[in-house]
Amino acid sequence: MLRIATLFPDLLGTYGDSGNGLVLAQRARARGINAILTPVELDDEVPDASIYLLGGGEDGPQRLACDLLAKSTFPSRVRDGAYVLAVCAGLQILGQSFSIEGDEEYEGLGAVDVVTRRGSERSVGEMSVQVGKKLLVGFENHGGVTALHAPTNPLGTIVRGRGNDGVVDGYRTANIWATYAHGPVLALNPWLADEILATVLGYELEPIESVADRLYDERCAALSSR
Ligand code: GLN
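Within any chain, residue numbers begin from 1 and follow the written order of that chain's sequence. Residues qualify for local features only when their pLDDT is at least 70, as the model is predicted, and side-chain atom pairs are given and counted only at 80 or more; totals for whole chains, interfaces and linings, by contrast, use all residues. Based on all heavy atoms of the structure, the side-chain values leave hydrogens and waters out of the count.

K.L.:
For the pattern of salt bridges, give the residues involved together with the corresponding values.
P.N.:
Definition used for salt bridges: Asp or Glu carboxyl oxygen within 4 Å of a side-chain nitrogen of Lys or Arg. Here the structure, examined in full by the defined rule, presents 5 salt bridges. A salt bridge links Glu 121 to Arg 162; the shortest N-O distance between them is 2.3 Å. Taken together, the residues Glu 121 in strand S7 (residues 114-131) and Arg 162 in the loop between strand S9 (156-160) and strand S10 (168-169) connect sequence positions 41 residues apart. Here the salt bridges share partners, and the residues they tie into one network are Arg 27, Arg 31, Asp 194 and Asp 213. Helix and strand definitions here come from DSSP, where helices need a minimum of 4 consecutive H or I residues and strands a minimum of 2 consecutive E residues; each element is numbered from the N-terminal end.

Given below as structure tokens:
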């Protein structure tokens, strides 16, 4: 049984990132695994889950989501090793602090040693990131620039676009995948959905054939022929 909890889709769903939950659930079900997808609304307690999803959001909703999560069981769950996929605002919230609207610094959940400051211009457009041997593709739209403090590792190295700082994108800890890529990122990069599922479930999955996998291959081929 796989329990997927999408946290505050009303606040952190501006860029369709709630679709990441659908992708995880469907790719699990395609392997005969029972998957339950739970949107966690503003008044809900944070439930037990196999993985939590945080999406992108505008500055105001992002701050509200951070306030609500800070008062919930979520930070201690993450510190205890709960699995999380965090995109953009979600990535910023998990850090020590973020200042995106104006220069006022806002306290994050402190689950990861990263700090986000406001950049001189917004990062908007297509992005691609080398993650090991795989290319991660997506689009970004954010004002924040994120600095990782050792020993936090990035998710990957920027090929196109900006990600955290023009050099690397996101971060990866034993239990967290974080990226600036919207898409939803798991719909555009089914290999990452499968990597997350295999890690959360604790075993390798049979490959599946899907339209998403074929489109991913076509996208990579188009990028390499540019
Ligand atoms: N509000 C944040 C920023 O502009 C995050 C944006 C997003 O989630 N796309 O940096």
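There is more to say after this.
K.L.:
Report on helix H7 (residues 211-224), specifying residues and quantitative values.
P.N.:
Think of an α-helix as turning once every 3.6 residues; residues three or four places apart then point the same way. The length a helix should cover is 1.5 Å for every residue beyond the first. Compared with the 20 Å implied by 1.5 Å per residue over 14 residues, the 20 Å span of H7 between its first and last C-alpha is a close match. The buried label applies to any residue whose accessible area, calculated with a 1.4 Å probe on protein chains only, is under 20% of its type's maximum; exposed applies above 50%, and partly exposed to all values in between. Along H7, the residues that are buried comprise Asp 213, Tyr 216 and Cys 220. The buried residues of H7 all sit within an arc of 55° when viewed along its axis, so they share a single face. Every residue pair with non-hydrogen atoms within 4.5 Å of one another is taken to be in contact. Where H7 is buried, its residues touch helix H1 (19-29), strand S8 (134-148), helix H5 (185-188) and helix H6 (190-201). By arc we mean the arc of the directions from the helix axis to the C-beta atoms, nothing more.

K.L.:
Quick rundown of the site of the ligand? Include the residues and the values.
P.N.:
Contacts to the ligand come from 16 residues, most closely from Gly 57, Asp 59, Cys 88, Asn 141 and Gly 143. Between Gln 92 and the ligand, the recorded distance is 3.0 Å, taken from a side-chain N or O atom to an oxygen atom. Under the convention used here, a 1.4 Å probe and the Shrake-Rupley method define accessible areas, while residue burial counts only the protein chains that appear. With the chains in place, 99% of the 300 Å² that the ligand exposes on its own is no longer accessible. Those elements giving two or more residues to the shell around the ligand turn out to be helix H2 (59-70), helix H4 (89-94) and S8. Considering each element in turn, the shell around the ligand owes the most residues, 4 residues, to S8. Residues are counted as near a molecule or strand when any one of their heavy atoms sits within 4 Å of it. Counted as a polar contact is a pair of N or O atoms within 3.5 Å, where, for protein atoms, one must be capable of donating a hydrogen and the other of accepting one, and residues adjacent in sequence contribute only when both atoms are in side chains.

K.L.:
Give a detailed account of the nonpolar core, specifying residues and quantitative values.
P.N.:
Residues grouped as a nonpolar core are buried Ala, Val, Leu, Ile, Met, Phe, Trp, Tyr and Cys residues, joined through side-chain atoms within 4.5 Å. Counting residues in hydrophobic clusters, the biggest one holds 65 residues, and the most contacted among them are Phe 74 and Leu 94. Of the residues forming this core, the biggest block, 6 residues, is contributed by H6. The contact partners of Leu 94, leaving out residues within four places of it in the chain, are Leu 54, Phe 74, Val 84, Ala 86, Leu 109, Gly 110, Ala 111, Val 112, Tyr 171 and Ile 176.

K.L.:
So what about the pairing of S8? Which residues, and what values?
P.N.:
As judged from the 14 bridges shared by S7 and S8, these two strands associate in the antiparallel manner. Within S8, the position partnered with Val 124 by the bridge is Asn 141. Linking S7 to S8, which pair antiparallel, is a turn of 2 residues; within it Gly 132 sits at a positive phi near 60°. Strand pairing is defined by DSSP finding a minimum of two bridges between the two strands.

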